[in-house]
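As a plain string of letters, each chain reads:
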Amino acid sequence: MGTSEGWLIPTAKALRVTSTTRVGELDTNGTPGFEGGKSLGARLLEERGAVLSELQEKLFACARTTDEHRSVLLVLQGMDTAGKGGVVRHVIGHVDPQGVDHASFGVPTPEEKRHHYLWRVRRELPRKGQLGVFDRSHYEDVLVVRVHDLVPRTEWEARYDEINAFERDLVDSGTTLVKVAMFVSLDEQKARLAERLDRPDKYWKYNPGDVTERGFWPRYQEAYQAMLDRTSTEHAPWFVVPSDRKWYTRLAVTELLIDALERLELSWPPADFDVEAEKLRLARS
Ligand code: ADP
């Protein structure tokens with residue numbers, strides 16, 4: 001875990017959930033661990049995006065030459081307008097799309113409803129050598145489901161342990177999880193929703209149901225708190241990313257992914273042919 005330019009402490013350390021993290025007291029406008037503003041953040045996003053891209057390519061390349069399963073899965077959770085789509089576009093956008101397995105999880109379809117809630121999640125897990133991205137995830141099943149009691153309490157209560165066990169298996173089978181909880185303030189969410197109503201090019205993003213959900217904010221905060229308290233584990237910890245400042249969110253997620261990939265200590269696969277002989281053959285061809 002290194003400290004890169006602009007950061008006073010490693011990002012993963014600055015953002016990792018602790019036993020004292022309180023969702024209701026977060027400074028959503030803060031930039032924990034980072035000293036610098038938007039322009040430095042924007043420059044670093046480009047520079048570090050290139051580093052992320054190279055690491056992802058290494059992950060992809062290594063998968064070609066080994067039977068071992070290794071993949072990284074970024075799990076993005078946050079209220080509407082928290083900026084999940086922006087992370088996909090501006091962070092994952094740095095990476096070769098061939099190496100990305102992206103999935104988003106909305107209201108379950110009739111078919112999905114007939115299965116266990118993890119069924120649709122298992123189907124979207126990243127393949128070997130891939131960077132998986134979940135825009136929402138199995139955590140909806142302890143968030144929106146809990147807030148609206150879409151299943152009986154006893155059922156969603158049991159899910160925390162079940163999710164921990166599911167993630168334990170994932171990690172054991174070679175997937176590194178990077179779980180990011182993004183938080184915007186109620187005011188910032190209002191401003192972002194207002195922008196969607198002001199711009200014809202953003203109408204498609206507007207969902208009247210999002211305003212309804214604002215009325216459930218305290219219950220969502222409670223559900224997010226329980227999620228962090230009960231599913232931040234040694235094998236799959238949560239990172240809490242203040243998200244009122246988009247540039248910070250994007251830079252922070254980039255750093256968290258770089259950190260996860262660096263921990264894999266990947267190296268470029270060696271040539272399985274005689275390099276010098278091939279140079280000669282090519283020259284003569
Ligand atoms: P987005 O709003 O992220 O662009 P969608 O509109 O397709 O994406 O779907 C998101 C909605 O689906 C959210 O309101 C979310 O709470 C809801 N959702 C996701 N998973 C579930 C679930 N398991 N049960 C009920 N609702 C869910």
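No experiment lies behind these values; they were computed from the predicted model shown.

Visitor: I'm lost on the overall build of the protein in this one. Help?
Guide: In terms of regular secondary structure, the protein is built from 12 helices and 5 strands. The C-alpha extent of the protein, read off along each of the three principal axes, is 70 × 45 × 40 Å. Considering the protein as a whole, with its 285 residues, one finds that 48% of them fall into the buried category. About 14500 Å² of surface is accessible on the protein, with carbon and sulfur atoms providing 50% of the total. Between the averaged position of the 40 positive side-chain charges in the protein and that of its 46 negative side-chain charges there is a distance of 3 Å.

Visitor: I keep staring at the side chain of arginine 196 and nothing clicks. Help me out?
Guide: Position of arginine 196 relative to the elements: it lies in helix α8 (residues 186-198). Buried and without a salt bridge, arginine 196 has aspartate 210 as its closest oppositely charged side chain, separated by 4.1 Å. If sequence neighbours within four positions are ignored, arginine 196 has contacts with Thr81, Lys202, Tyr203, Lys205, Tyr206 and Asp210.

Visitor: I keep staring at the site of the ligand and nothing clicks. Help me out?
Guide: Near the ligand the following residues occur: Asp80, Phe105, Gly106, Val107, Pro108, Arg120, Arg136, Glu140, Asp141, Val144, Val145 and Leu150. Between the ligand and aspartate 80 there is a distance of 3.4 Å, counted from an oxygen atom to a side-chain nitrogen or oxygen. Glutamate 140 is positioned such that a nitrogen or oxygen atom in its side chain is 2.9 Å from an oxygen atom of the ligand. Starting from 570 Å² of accessible surface for the ligand in isolation, the protein chains cover 65%. Looking at side-chain class alone, the shell around the ligand contains 6 nonpolar, 1 polar and 5 charged residues.

Visitor: I tried to follow the sheet that holds strand β5 (residues 238-242) on my own but got confused; where do I start?
Guide: Think of a sheet as strands paired side by side through backbone hydrogen bonds, with each pair either parallel or antiparallel. Within the open sheet, the 5 strands sit side by side as β2-β3-β1-β4-β5. Their pairing is parallel. Since the sheet does not close on itself, it has two edges, and those belong to β2 (100-104) and β5, each with one partner. Within this sheet the neighbouring strands show an average axis-to-axis angle of 20 degrees, counted without direction. In this sheet, β5 lies alongside strand β4 (residues 175-183) in parallel orientation, the contact comprising 5 bridges. Considered in β5, the bridge of lysine 179 is made with tryptophan 238. Along the sheet face, helix α10 (residues 217-231) touches β1 (71-78), β4 and β5 and points at about 155 degrees away from the line of β4.

Calculation criteria
- Residues numbered from 1 in each chain as written.
- Predicted model: local features only at pLDDT ≥ 70, side-chain atom pairs only at ≥ 80, totals over all residues.
- Heavy atoms only, no water.
- Helix = DSSP H or I, 4+ residues; strand = E, 2+ residues; numbered from the N terminus.
- Buried < 20%, exposed > 50% of the residue type's maximum accessible area, 1.4 Å probe, protein only.
- Areas by Shrake-Rupley, 256 points an atom, 1.4 Å probe, with all protein chains shown as cover.
- Lys, Arg positive; Asp, Glu negative; His and termini not counted.
- Charge placed at Lys NZ, Arg CZ, Asp CG, Glu CD.
- Salt bridge = Lys/Arg side-chain N within 4 Å of Asp/Glu carboxyl O.
- Contact = heavy atoms within 4.5 Å.
- Near = heavy atom within 4 Å.
- Polar contact = N/O pair within 3.5 Å; in protein donor to acceptor, adjacent residues only side chain to side chain.
- Nonpolar A, V, L, I, M, F, W, Y, C, P; charged D, E, K, R; others polar.
- Pairing = 2+ DSSP bridges.
- Axes fitted to C-alpha atoms, helices over the stretch in contact; angles between N-to-C directions.

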